[in-house]
Every structure is written in structure tokens, then in C-alpha cells.
Amino acid sequence: MTKKQIITIAGGGSTYTPGIIQAVLNNSERLPLSEIRLYDIDAQRNEDMYMIIQYMLEKEGFSNVVISSTEDPEVAFTGCDFIFSQIRVGGLKMREKDEKIPLSHGLVGQETCGLGGFAYGMRSMSGLLEIVGYVQKYAPEAWILNYTNPESIVSEAVRRRYPKAKMINACDMTISIEETIAINYGYDRKNWIPTYYGLNHFGWYTAIYDKKLKRDVMPEIIEKLNGQEMQVADFNAGDQTWQEAFSMMSVITKNFPQNIPNNYLEYYLYPDMVIEHSDKNYTRANMVMEGREKNTKEMAKKIRNGVTKDVLNFNFGEHGQYIVDMATSLLNDERRRFMLIVPNQGAIPNLRPDAVVEVPAYVGATGVEPISLREPICDFHKGMMEAQVAAEKLLVDAYFEGSYQKALQAFTLNQTVPNARVAKKVLDEMIEANKEYWPELV
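Along each chain, residues carry numbers from 1 onward, in the same order as the chain's sequence is written. Reporting in this predicted model follows two pLDDT cut-offs: at least 70 for local features of residues, and 80 or more for side-chain atom pairs to be given and counted; totals over whole chains, interfaces and linings ignore these cut-offs and use all residues. Only heavy atoms go into the side-chain values, all of them from the structure, while hydrogens and water stay out.

Caption draft 1: Structural detail: the overall build of the chain. Here a strand is any run of E in DSSP of at least two residues, a helix any run of H or I of at least four, and the numbering for each starts at the N terminus. Scanning the chain from N- to C-terminus turns up 16 helices and 13 strands. Here the chain has a C-alpha radius of gyration of 21 Å; the compact-globule value for 442 residues is 22 Å, and the two agree. Summarising its shape, the C-alpha atoms of the chain cover approximately 55 × 55 × 40 Å along the three principal directions. Between buried and exposed lies partly exposed: a residue is buried under 20% and exposed over 50% of the maximum accessible area for its type, with that area taken using a 1.4 Å probe on protein chains only. Out of the 442 residues in the chain, the part that is buried amounts to 58%. We call two residues contacting when some pair of their heavy atoms lies within 4.5 Å. Within the chain, counting contacts between residues at least 6 apart in sequence, those at least 24 apart form 72% of the total. Total accessible area on the chain stands at roughly 18,400 Å², and carbon and sulfur atoms take up 48% of it. We score Asp and Glu as negative and Lys and Arg as positive, and we do not count His or the chain ends. Throughout, a charge is located at the NZ atom of Lys, the CZ atom of Arg, the CG atom of Asp or the CD atom of Glu. Of the charged side chains in the chain, 47 are positive and 58 negative, and the gap between their average positions amounts to 1 Å. For the radius of gyration, the atoms used are the C-alpha atoms, and the globule rule reads 2.2 Å times the number of residues raised to 0.38. Areas reported as accessible are Shrake-Rupley estimates using a 1.4 Å probe. Residue values count occlusion only from the protein chains shown.

Caption draft 2: Expanded view of the packing of aromatic side chains. Classification of ring pairs rests on two measures: the distance between centres of Phe, Tyr or Trp rings, Trp counted by its six-membered ring, which must be within 6.5 Å, and the angle between planes, read as stacked under 30 degrees, edge-to-face over 60 and tilted in between. Applying the stated criterion across every chain, the model contains 14 aromatic pairs. Judged by centre distance (6.1 Å) and plane angle (40 degrees), the rings of Trp-242 and Phe-246 are tilted. On the criterion of helical spacing, the pair formed by Trp-242 and Phe-246 is a turn pair, its members being four residues apart in helix H9 (residues 240-255). Residue classification places Trp-242 among the buried positions, given a relative accessible area of 18%. A residue is classified by how much of its surface remains accessible, and Phe-246, at 0% relative accessible area, is buried. Arranged with centres 5.4 Å apart and planes meeting at 65 degrees, the rings of Tyr-322 and Phe-338 form a pair that is edge-to-face. Note that Tyr-322 is positioned in helix H13 (residues 319-332) and Phe-338 in strand E11 (residues 336-343), a separation of 16 residues in sequence. Exposure remark for Tyr-322: the relative accessible area of 6% places this residue in the buried category. Every member of this aromatic cluster is reached through a ring pair, and the members are Tyr-197, Phe-202, Trp-204 and Tyr-268.

Caption draft 3: Geometry of H13. Take the residue count of a helix, subtract one, and multiply by 1.5 Å to get its expected span. Here H13 is 14 residues long and its end C-alpha atoms lie 21 Å apart, about the 20 Å a rise of 1.5 Å per residue gives. When H13 is considered as a whole, its buried residues turn out to be His-319, Gly-320, Gln-321, Tyr-322, Ile-323, Val-324, Asp-325, Met-326, Ala-327, Thr-328, Ser-329 and Leu-330. Where H13 terminates, the next one or two residues include Asp-333, which has phi positive at roughly 50 degrees.

Caption draft 4: Region of interest: unusual backbone geometry. Between Asn-149 and Pro-150 the backbone carries a cis peptide bond, its omega angle lying at -15 degrees. Positive phi, normally seen in glycine, also occurs at His-201, with a value near 60 degrees. Tracing the chain through its elements places His-201 in the loop between strand E7 (192-199) and strand E8 (202-210). With relative accessibility at 4%, the residue His-201 sits in the buried group. The backbone phi angle of Arg-335 is positive, close to 55 degrees, even though this residue is not glycine. Assignment of secondary structure puts Arg-335 in the loop between H13 and E11.

Caption draft 5: Here's a closer look at the pattern of salt bridges. Each reported salt bridge corresponds to a side-chain nitrogen of Lys or Arg within 4 Å of a carboxyl oxygen of Asp or Glu. One pass over the full model with this rule turns up 29 salt bridges. A salt bridge links Lys-382 to Glu-386, with the shortest nitrogen-to-oxygen separation between them at 3.5 Å. Separated by four residues within a single helix, Lys-382 and Glu-386 lie in helix H14 (residues 379-401), roughly one turn from each other. Lys-406 is paired through a salt bridge with Glu-401; the nearest N and O atoms lie 3.2 Å apart. What you see here is one network of salt bridges that share partners, running through Glu-156, Arg-159, Arg-160, Arg-352, Asp-354, Lys-393, Asp-397, Glu-401 and Lys-406.

Caption draft 6: Expanded view of the packing of helix H4 (residues 91-104) against helix H5 (residues 114-138). An axis is simply a line fitted to the C-alpha atoms; with a helix, the fit covers only the stretch in contact. Between two such axes, the angle follows the N-to-C directions and lies from 0 to 180 degrees. Relative to each other, H4 and H5 sit at 145 degrees, their axes nearing to 8 Å. Judged by the sense of rotation from one axis to the other, the crossing of H4 with H5 is right-handed. Between H4, through Met-94, Arg-95, Asp-98 and Pro-102, and H5, the contact on the second element is made entirely by Leu-115, Gly-116, Ala-119, Tyr-120 and Arg-123. When its residues are assigned to classes, the contact of H4 with H5 shows five nonpolar, one polar and three charged. Crossings are classed by handedness, with left-handed meaning an anticlockwise turn of the near helix from the far one by less than a right angle and right-handed meaning a clockwise turn. Under the scheme applied here, ten amino acids are nonpolar (Ala, Val, Leu, Ile, Met, Phe, Trp, Tyr, Cys and Pro), four are charged (Asp, Glu, Lys and Arg), and all others, including Gly, are polar.

Right, dumping it as C-alpha cells:
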């Protein structure tokens, strides 16, 4: 019989925590649970989430599961089996600066792409390296399942400092894309075996084999995309920014019909269109603060006051299920297939081997086994990826070396940036805004 597991959620106060816990509870036979620990440096957010999760456990009949919240890493990590990492260094207030500073200079303002993503990456490296260090000290055999963004950047940083850390880096964006396509066009995603390659938030599908239909359905999906724009799935219902993002997939496939793109590619292929539709004074960070963040606080307040009827209000699609499936695949040697961020090492044969790429991989008791592509990728995708990889590696160099020059090179090479002059302006403004979080650059 499988030992009951202790799960620590790093970034426990995140608004995504309820969705992850619900997935854990829904899969209790595959992932038997004895304890949940919420770890966060923001005590109030963590306490709010503790109230919500405690109520969920009672409501779902899991009152025997121990629940705790802590700001102490020794208490959080000692003896745990899995760490689900979803930290946001600097919180939504710094995300707001990541988005608004580039927009003020006429550049893409986005949390993981463009120069906002690089600013976030500089903060995230510090936070995640700290978490991995704690795990190496207090629970070296535990698996870290990482959702912390920007994933390519932070996974490169962890690889350099902790090359033997038991860590899997995953992004649920591909699952969200597949789920939205399937819902719109009448497919069952559970029958799909997708082939995909790229970097995090920067990739392309080359095939989607449907086991039930016994054929690659990607060509017909592209045809549908070009004739009928997708509507967001229910977990993003009412969110105009996500509706615009999925509508942009039709624009991309009309011009580049060979593949289904990750919709984050809009920021690199059509930054002018994105900027035209962006409000410099009210960005995605403001929407989240006034939406999910406010909603979570209200849920916690109601539970504290004994108002529990219909109090739980969250729907994050497959976000929670995806990370739980990784945990059960490790625990039970299920050898499930995921899209994961891994060192290339030949998985994409004509891309530099030290790139951090996103490709299909199997997960079992011994960890991750990436699936190599059968053929080299085209020059168009390779050229875009090589430039992005170089920019990301320069940013990680800048972090470890404290190098202003490397940071400027990284900002200049980012494909949302038209020239070195504006790259320097944004970098200097980001340094000032991030004094509390970035290493000193000289």
C-alpha cells in the first residue's frame, strides 16, 4: 500500500491553490494524502488560503488530512514528499510594473514575454533558487513540481546551481490550448497524442493524433481556425484578454498555416497588434487584482464569518489536474505523457544542445524521459528559438555574474525589442523598480 504523502505548496497563498487542492482530493486513490502545508512569505495571503483549504477539506470529507500554513521553510519542507511550486516574487504589484514599464516605451507589456517577462525572470530566479535550496537541505529526496514562471529562465538557473535537484518544470498552457480547441471544435482531448516543440510560451504543434479517429487532426483544426475563431473555454469565460489571445491564433495560422502555434507567439510575431489593443494604464495585473485576488479574499472573509453557502467559486480548467497527474505518474510509475521543459540534449536535433526546450516527455518512477523529434525543425522556427535561447541565457548569465552588460545584451536581443536604445531605457527603469529583488548589476 502506498504511503500517504505530505505535499507542500510553495506560494500557498496563490489564487491557484484551491484548484490544485481540488485536483489532489479528486485523485486521492492515486495520491493518498496525510498532510498539506501551505508555505508563503505573505502571511495574510497564506492565512486566507488556509481558511479556504481547511473548509474544502471538511466539505469534501477529508477532515483527517492535516492542514497547516507557515512562513518557516524548515517547518514547510522537512519530511515532505512533493513540493508544488507556484511562487510569484514581488506579487501582483511588481507584475503591474512588469507590464506597464515596457508599455510606457511602446513595447509589449506582458508578465512572461518580452522585457516584462525578463524582469520577472530576474526576480523569480532568486525566489526559486531559495526554494530549491531549502528542499535540498530539508527534504532532498522530495520531488519539486514547478509551475513558477518564466519557466525556461528559472529552470536554466536551477540547472546551473542545483544540477542534481529532483525537479520537473511544467507549464499548463499547452493543455489549456488543447482543451479550448477540443471544446470549440467537438473533439475529446483525452484521445489526443500531440507532438509539440519549442521553448516555454514559445512553440508549435506539428501533429495531434486522435486515437479514436485514428488520424492526425491538426490539418482540419487549422482549417477550422481559419474559418471560425475560437471562444474561450468556461474556465476563462468573461475574460476579454484571453478571448483576444485565442482569436489571435486564427491570425497566426492564416499567415503561417503549417502549424498550430502557442498563442503566446502573438507577442513575438505581432507585437504591434498587441500594443494597439493594450491599455497602458490598466493591464492584466489590474484585472487579476480586481478579479481572482479580490474574489479569494472575499471567500476567506465569508468562511471566517461562518458564511459558507456557495462560497467556493473557482474554475481553473486543467491547471491543478496537470500537476497532480505528474505527481501520481512519479509515485505510481504511470509513465504518462506531458509537455515538459527540459534540457534539449538532442531532443530537437538541430537546436543547440544546452537550450532549455518544451517537448513531450514520459514521467515515471525514475523521473523524466524526453521524446526526441524524428526530424530537424525548419529554419524559421529555429531562427526564432535560437535568438530567444541566447537572450534567456544572457539574462541568466547577468543574474549569476551581476553583469549589467549581459543584462543589456539580453534585453536588446529579446525579439519584442526593436533597438538597443529602448532596451537600455527599459533596463535602467526596471533596475530602479526592482531594487528590492534583483542582484546588483555592475
